[in-house]
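# Architecture at a glance
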Amino acid sequence: MSSAQQLLLTAKRCDIDNLTHLATTCDIVGDISHFIHMLQRERGASTIFLVSQGTRFKERRATYRQHSQDAEALMRRRLEALSQEARPQAAARLLRRIATVWAALDELSTLRHAIDTFAITPDAATQAFNQLTSGLLAIVFEAADTAIDPDITRALVAIFHLMQGKELAGQERACGAFGFTQGYFDDAHSALLGQLINDQQRCFDTFEEFASPEAQQHWQEELSPRTLSGIHQLRDIARQRAAHPDTSDSLGETWYELTTLRIDSIKNVEDAFNAQLTALCHSKIQQAKVALEKAKTEPCRNSPAPCEQLLALSNGEPLGDLTANALNSPLGRSLIELTQAQSSRLQGLSDELENTRKALRERKLIERAKGLIMAHQDMTEEEAYRFLRTTSMNQSKSMADMAQSILDLSTILKRKEAGY
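The rules we used
Residues numbered from 1 in each chain as written. Predicted model: local features only at pLDDT ≥ 70, side-chain atom pairs only at ≥ 80, totals over all residues. Heavy atoms only, no water. Salt bridge = Lys/Arg side-chain N within 4 Å of Asp/Glu carboxyl O. Helix = DSSP H or I, 4+ residues; strand = E, 2+ residues; numbered from the N terminus. Phe/Tyr/Trp six-rings, centres within 6.5 Å; stacked < 30°, edge-to-face > 60°. Buried < 20%, exposed > 50% of the residue type's maximum accessible area, 1.4 Å probe, protein only. Lys NZ or Arg CZ within 6 Å of the ring centre and 35° of its normal. Axes fitted to C-alpha atoms, helices over the stretch in contact; angles between N-to-C directions. Parallel < 35°, antiparallel > 145°, perpendicular 65-115°, else oblique. Left-handed = near helix turned anticlockwise from the far one by under 90°. Contact = heavy atoms within 4.5 Å.

An unreviewed UniProt entry lists the protein under the name ANTAR domain-containing protein, with Vreelandella subterranea given as the organism.

Below, the structure is given as structure tokens:
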């Protein structure tokens, strides 16, 4: 066996190792998806429990809390297995993110005790759940950002935005449950409701952009028009309740049930897409194993003069004996064939992966610029997004380019303020 063939076999084994780790990571994403869903249920029930001073959802909250604890235990076991890999393939950023979330998980019991004793406000409890869920979603994002296979990367990007959209839908459920159970929406909760509606729609649009055709079709078929119609009607009522308080308390539970139906439908899409992702990972692993076995048994092909492009550079003049012997030796032919085949395959993978990473980088730039606009212009997130979009259109720039210009300007201003 030539040195080139040995290197090729080693490379294919590395591919299998990396894909196997990706499959483990995707399993973790599935566990996180399940745990977040249980937390979202617990958060919504806790909001109604607190607002009603314990008169409602006491038993339901206890049930959801148990479901959350079961899902957490399963997720922790998978995360522990990742940290104990003999040769950890996970990027350092991903491992650090998991470590941060692990510490936050240890605070859940304190949060639950505060809810039990009414030592925390409904808004503060919701915010605590939101922070934990945000950390869990960050693990999914890091998994997408560090994946090495373009098809799996696209699937992870899609599922991240689906999970983020569902989380925002869960926050909308909690916000609406607060207002309807309380009997009215103040300005802050009314504004928050509108922002959550807009933000989740952007996430779902991005999901559809990256999702497979099967996932897109499932998405369109799963959501019930009747449920959506009921939610839209209650959203309209919520917008009016800031000015017209209503003490009717039945709307709180109606809102909770309708939004729960919608979130559960989104979870069905999420579960199906997770199953597709797992199948994709195992399909990639199987393909890599077949390629490895083929490379072990495939004999070295004795094709004549494999390097026509290089030979043409001589303009018909004879090559030196050393060069000619090198080009026509078995090792030389093997290296040239390997280089040509691998170069073509890697270029295609590299181009697709770079396009996906570019989309991720552009979204990061837009989010950072949006936060800067919110901080300096006293705007809501939706207002900052509209401002950025309008400004980019007026200046004939993409939103990513406009975001970069804003960030660059901010850096310059900070240096001037510091006297540089």
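Having seen the structure, we can now continue with the description.
Evaluated as defined, the whole model comprises 16 salt bridges. For Asp-106, the salt bridge identified is with Arg-76, shortest N-O distance 3.0 Å. In this pair, Asp-106 is assigned in the loop between helix H3 (92-105) and helix H4 (108-116) and Arg-76 in helix H2 (residues 58-83), connecting sequence segments 30 residues apart. Three or more residues joined by partner-sharing salt bridges are found here, namely Asp-27, Asp-31 and Arg-78.

Between two aromatic rings, the relevant description is the distance of the centres plus the angle of the planes. For the coordinates displayed, the defined rule picks out seven aromatic pairs. Considering the side-chain rings of Phe-180 and Phe-185, the 5.1 Å spacing of their centres and the 85 degrees angle between planes classify their relative orientation as edge-to-face. We classify Phe-185 as buried; its relative accessible area is 1%. Every member of this aromatic cluster is reached through a ring pair, and the members are Phe-204, Phe-207, Trp-219 and Phe-273. The ring of Phe-49 has Arg-61 sitting right over it, with the charged end atom 5.0 Å from the ring centre. Looking at Arg-76, its charged tip hangs above the ring of Trp-102, at a distance of 4.8 Å from the centre.

Turning our attention to the environment of Asp-123. Within the secondary structure, Asp-123 sits in helix H5 (residues 122-146). In the structure, Asp-123 is positioned 51 residues away from Ala-174 in sequence and 9.1 Å away in space, judged by C-alpha atoms.

Phi angles above zero are rare outside glycine, and Gln-53 is one such case at about 55 degrees. Mapped onto the secondary structure, Gln-53 falls in the loop between helix H1 (3-51) and H2. Overall, Gln-53 belongs to the exposed group, its relative accessible area being 56%. Its identity as a non-glycine residue notwithstanding, Phe-118 has a phi of 55 degrees, on the positive side. Take Phe-118: it is sitting in the loop between H4 and H5.

Our next topic: the packing of helix H7 (residues 187-210) against helix H10 (residues 250-297). Where H7 contacts H10, the two axes come as close as 14 Å, and the packing angle between them is 20 degrees. For the element pair H7 / H10, the angle class is roughly parallel. Relative to H10, the crossing made by H7 is left-handed. Each of Leu-193, Gln-200, Phe-204 and Phe-207 in H7 lies in contact with H10, whose residues at this interface are Trp-255, Arg-262, Ile-266, Val-269 and Phe-273.

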